[in-house]
Amino acid sequence: MGNEMMVFMVMVIVQVAFAGMIIITKLVMDSGMNPFVQSAYKPIFATISIAPFAYFLERKTRPKMTRSILFQIFLCSIFGITANQYTYFIGLNNSTPTVASAIDNLIPAFTFIIAVPLGVEKLGLRSIAGQAKLLGTIVCVGGAMLLSLYHGKVVIGQLGFHWKYEENTGKDVNSSHSNFFLGPFLLIMASLTYAIWLIIQTRVNEKYAAPYTCITLICLMASVESVIIGFCVVPKLSEWALNPIRAISVVYNGVVSTSFAYFLSSWCIEKKGPLYVSMFNPLLLIISAFISWTLLREKLYLGVVVGSIIVVAGLYGFLWGKKMETGEEDIEVNKEKMKQLSKSVDLELQLPNSNDHHIESKQISSELAKTKPCEDRLSKIVERDHSTGH
């Protein structure tokens, strides 16, 4: 019971950490920080924070690096960090934290859509599990489309509480709704690139069993890529200057929401599995929406609320189907094991053990040896009687 509560609390902390990343990133971008600059700093601090763990924990167990694995890690850096960050941060800059955290729930559905053609996942439409996964995916995408294309009237207005720093940014978080299509569209693309990264990363993990070294190399490559692209887009050095709140933002994003969250998520996956971890994604939506409404004075629109509910419902439908599929696979594996065990038992019953057979042979030989003297005596008596004429 204590271990279950510990895993639960850790997952809540992870979601709070992610929500903090979304809020503080939105805040500094509203104050004028360029998304390309934000994207360049994050992997740098992530590399610095995770590299010591890779060195001390895996220096003796690190497998040999090949060109094929290095190329796949390079692809992970492009899709998992560089492309993902640009689309996510620019989308967040043109949207709200609530919309961003709602669209994050599309990642399992996109991963499923990509994995089916590659043969990693089975569609299985004849089973209830396969139908649930497909229906959950469709509902998720439909909710994201509604959230992107329709806002409607304001359901929950701005809170009367005002955060002094947020007021000093000079930008209303709700003003980004004027470009309501670009923001959600880029956030959807961010979920798509993240899903592609998950597929590639799974194959890397199968060939290169050094997760901390792998994530360090990914962040290092992404740092070089992001800095080059960032200086091409934002060449002015003054744009790269870090005031206190910007410094807090990039350090927090690199250390807490990347390294720290990665460690905790990996531990929870080891304890309870990936399905359990995925079930906490909607909690990020609730936390982000509350903090954004409280501190950033975000308005909640009808389309955003309804679309978010539909996305979460689709996510849980997909996860339910995935859980059923996993249970069915476990049952099939157990049945196969029982068949193999039954065959081996039948074979042992039909063919006696060689040791037992050897013991039985020795016992029979011993008994025959005991009866040999009696047979000799009987034969002598018969010969004597025959010689005397009887």
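Residues numbered from 1 in each chain as written. Predicted model: local features only at pLDDT ≥ 70, side-chain atom pairs only at ≥ 80, totals over all residues. Heavy atoms only, no water.

Asks: Please clarify how the overall build of the protein chain should be interpreted in this entry.
Replies: When its secondary structure is counted, the protein chain shows 14 helices and two strands. Going through the 390 residues of the protein chain one by one, you find that 41% of them count as buried. Counted over contacts in the protein chain with a minimum sequence separation of 6, partners at least 24 positions apart contribute 91%. (Helix = DSSP H or I, 4+ residues; strand = E, 2+ residues; numbered from the N terminus. Buried < 20%, exposed > 50% of the residue type's maximum accessible area, 1.4 Å probe, protein only. Contact = heavy atoms within 4.5 Å.)

Asks: Quick question: what am I supposed to make of the nonpolar core here?
Replies: One recurring pattern in soluble globular proteins is that nonpolar side chains are buried together. In terms of nonpolar packing, the biggest core is built from 32 residues, with Tyr-88, Ile-103 and Leu-106 touching the most fellow members. For this core, the elements supplying multiple residues, two or more each, are α1 (2–30), α3 (67–93), α4 (97–103), α5 (107–118), α6 (128–149), α8 (182–207), α12 (281–295) and α13 (302–350). (Core = buried A, V, L, I, M, F, W, Y, C linked by side-chain atoms within 4.5 Å.)

Asks: Quick question: what am I supposed to make of the pattern of salt bridges here?
Replies: Opposite charge on two side chains makes pairing possible when the charged atoms of those side chains draw close. Taken as a whole and judged by the stated rule, the model has three salt bridges. A salt bridge links Lys-26 to Asp-30; the nearest nitrogen and oxygen atoms lie 3.6 Å apart. Here the residue Lys-26 and the residue Asp-30 both occupy positions in helix α1, the gap between them amounting to four residues, near one helical turn. Comparing Lys-26 with Asp-30, the two get one shared label, buried. The partner of Lys-133 in a salt bridge is Glu-325, and the shortest N-O contact between them spans 2.9 Å. You can see Lys-133 sitting in helix α6 and its partner Glu-325 sitting in helix α13, a full 192 residues away along the chain. (Salt bridge = Lys/Arg side-chain N within 4 Å of Asp/Glu carboxyl O.)

Asks: Would you mind going over the packing of aromatic side chains with me for this structure?
Replies: The geometry of two aromatic rings is summed up by the distance between their centres and the angle between their planes. If you walk through the whole model with that rule in mind, you get 14 aromatic pairs. Taking the centre distance of 4.9 Å and the plane angle of 40° together, the rings of Phe-36 and Tyr-86 count as tilted. Placement of Phe-36 in helix α2 (residues 35–58) and of Tyr-86 in helix α3 is noted, with a sequence separation of 50 residues between them. Here Phe-36 matches Tyr-86 in class, with each residue buried. Ring geometry for Tyr-212 against Phe-263: centres 5.1 Å apart, planes inclined by 70°, an arrangement best described as edge-to-face. Linking Tyr-212 in helix α9 (residues 211–233) with Phe-263 in helix α10 (residues 244–272), this pair joins segments that are 51 residues apart in sequence. Residue Phe-263 is classed as buried on the basis of its relative accessible area, which comes to 18%. Ring-pair connections join several aromatic residues into one group, and the members of that group are Phe-53, Tyr-212, Tyr-262 and Phe-263. (Phe/Tyr/Trp six-rings, centres within 6.5 Å; stacked < 30°, edge-to-face > 60°.)

Asks: Help me understand the environment of Leu-302, please; the structure alone is not making it clear to me.
Replies: Here Leu-302 shows up in helix α13. Sequence separation between Leu-302 and Val-155 is 147 residues; the distance between their C-alpha atoms is 5.6 Å. Ignoring any residue separated from it by four or fewer positions in sequence, one finds Leu-302 in contact with Tyr-150, His-151, Lys-153 and Val-155.

Asks: Sorry if this is basic, but what is going on with α10 here?
Replies: Along an α-helix, residues three or four positions apart point the same way, because every turn accommodates 3.6 residues. Of all the bends in α10, the largest measures some 35° and sits at Tyr-252. Once α10 ends, the next one or two residues include Gly-273, with phi positive near 95°. (Bend = angle between axes of the 7 residues up to and from the residue.)

Worth remembering: the numbers are spatial, not functional.
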